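# Chain and residue survey
These are the residues of each chain, in order.
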Amino acid sequence: MSKFDLGKPYSEKLDFNFCGFHPNYYRLEISGNMEGEILLQEYFKFKGNGKIDTLIEGDYYAQEFLFNYSPLGKVEGDLEVRISLR
């Protein structure tokens, strides 16, 4: 996944239409350090004051995956986000 500024909204689309891959599961691994509050995928709200190590998993049935990140106020730090689809 691309590196992005935690202080600004960010989205990235993974498109699998061209290769015939049909995912049915997603996994987001978030780790690093963060000060502030964020919203991931429009559903998951996190408030950090130091180290973050979080895992989000769920069913997913689409040819595209859209990752959405939104800071809720001032956010600083360095997070690594890994997306796995199966």
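Residues numbered from 1 in each chain as written. Predicted model: local features only at pLDDT ≥ 70, side-chain atom pairs only at ≥ 80, totals over all residues. Heavy atoms only, no water.

## Topic: the side chain of Asn68
With respect to the helices and strands, Asn68 occurs in strand β4 (residues 64-71). Owing to a relative accessible area of 18%, Asn68 belongs among the buried residues under this scheme. (Helix = DSSP H or I, 4+ residues; strand = E, 2+ residues; numbered from the N terminus. Buried < 20%, exposed > 50% of the residue type's maximum accessible area, 1.4 Å probe, protein only.)

## Comments concerning the packing of aromatic side chains
Aromatic ring pairs: the centre-centre distance and the angle between the two ring planes describe each pair. Scanning the model with the defined rule gives 8 aromatic pairs in all. With a centroid separation of 4.5 Å and 5° between ring planes, the pair formed by Phe4 and Tyr10 is classed as stacked. Given a relative accessible area of 17%, Phe4 falls into the buried group. A network of ring pairs unites the aromatic residues Phe4, Tyr10, Phe67 and Tyr69 as a single cluster. (Phe/Tyr/Trp six-rings, centres within 6.5 Å; stacked < 30°, edge-to-face > 60°.)

## Some points on the layout of surface pockets
Each pocket or cavity is described by its volume, and for the largest pocket that value is around 160 Å³. Along the walls of the largest pocket sit Met1, Ser2, Lys3, Phe4, Leu6, Gly77, Asp78, Leu79, Glu80, Val81 and Arg82, which together make up its complete lining. For the lining of the largest pocket, a count of residues per class yields 5 nonpolar, 2 polar and 4 charged. (1 Å grid on protein atoms, 1.4 Å probe; cavity = no way out; pocket = protein on both sides within 12 Å on 5 of 7 lines; lining within 4 Å. Points joined across faces, edges and corners; volume = space filled by probe spheres on them. Nonpolar A, V, L, I, M, F, W, Y, C, P; charged D, E, K, R; others polar.)

## Considering the nonpolar core
In this structure, Ile30, Ile38, Leu40, Phe67 and Tyr69 are the most contacted members of the largest nonpolar core, which totals 20 residues. Looking at this core, the element that brings in the most residues is strand β2 (residues 25-40), giving 6 residues. Apart from residues lying up to four places away in sequence, Ile38 is in contact with Phe44, Lys45, Phe46, Tyr69, Ser70, Pro71, Leu72, Val75 and Leu79. (Core = buried A, V, L, I, M, F, W, Y, C linked by side-chain atoms within 4.5 Å. Contact = heavy atoms within 4.5 Å.)

## Describing the pattern of salt bridges
Following the criterion strictly, the structure yields 8 salt bridges and no others. Put simply, Glu37 and Lys45 hold a salt bridge, and the shortest N to O gap is 3.7 Å. Judged by relative accessible area, which is 22%, Glu37 ranks as partly exposed. One salt-bridge network, held together by shared partners, links Arg27, Glu29, Glu57, Glu80 and Arg82. (Salt bridge = Lys/Arg side-chain N within 4 Å of Asp/Glu carboxyl O.)

## Observations concerning the pairing of strand β3 (residues 44-59)
Note that β2 and β3 share 16 bridges and pair antiparallel. Of the residues in β3, the one forming a bridge with Gly36 is Gly48. (Pairing = 2+ DSSP bridges.)

## Quick notes on the environment of Asn17
Structurally, the position occupied by Asn17 is in the loop between β1 (10-15) and β2. Taking C-alpha positions, Asn17 is 20 Å from Asn68, a pair spaced 51 residues apart along the chain. Once you skip the residues sitting within four places of it in the chain, Asn17 turns out to touch Gln63 and Glu64.

## Considering the side chain of Glu12
One can find Glu12 in strand β1. Buried within the structure, Glu12 lacks any salt-bridge partner; its nearest side chain of opposite charge belongs to Lys13, at an N-O separation of 12 Å. At 2.5 Å, the side chain of Glu12 forms a polar contact with the side chain of Tyr10. Every residue in contact with Glu12, bar those within four places of it in the chain, is listed here: Met1, Ser2, Phe65, Leu66 and Phe67. (Lys, Arg positive; Asp, Glu negative; His and termini not counted. Polar contact = N/O pair within 3.5 Å; in protein donor to acceptor, adjacent residues only side chain to side chain.)

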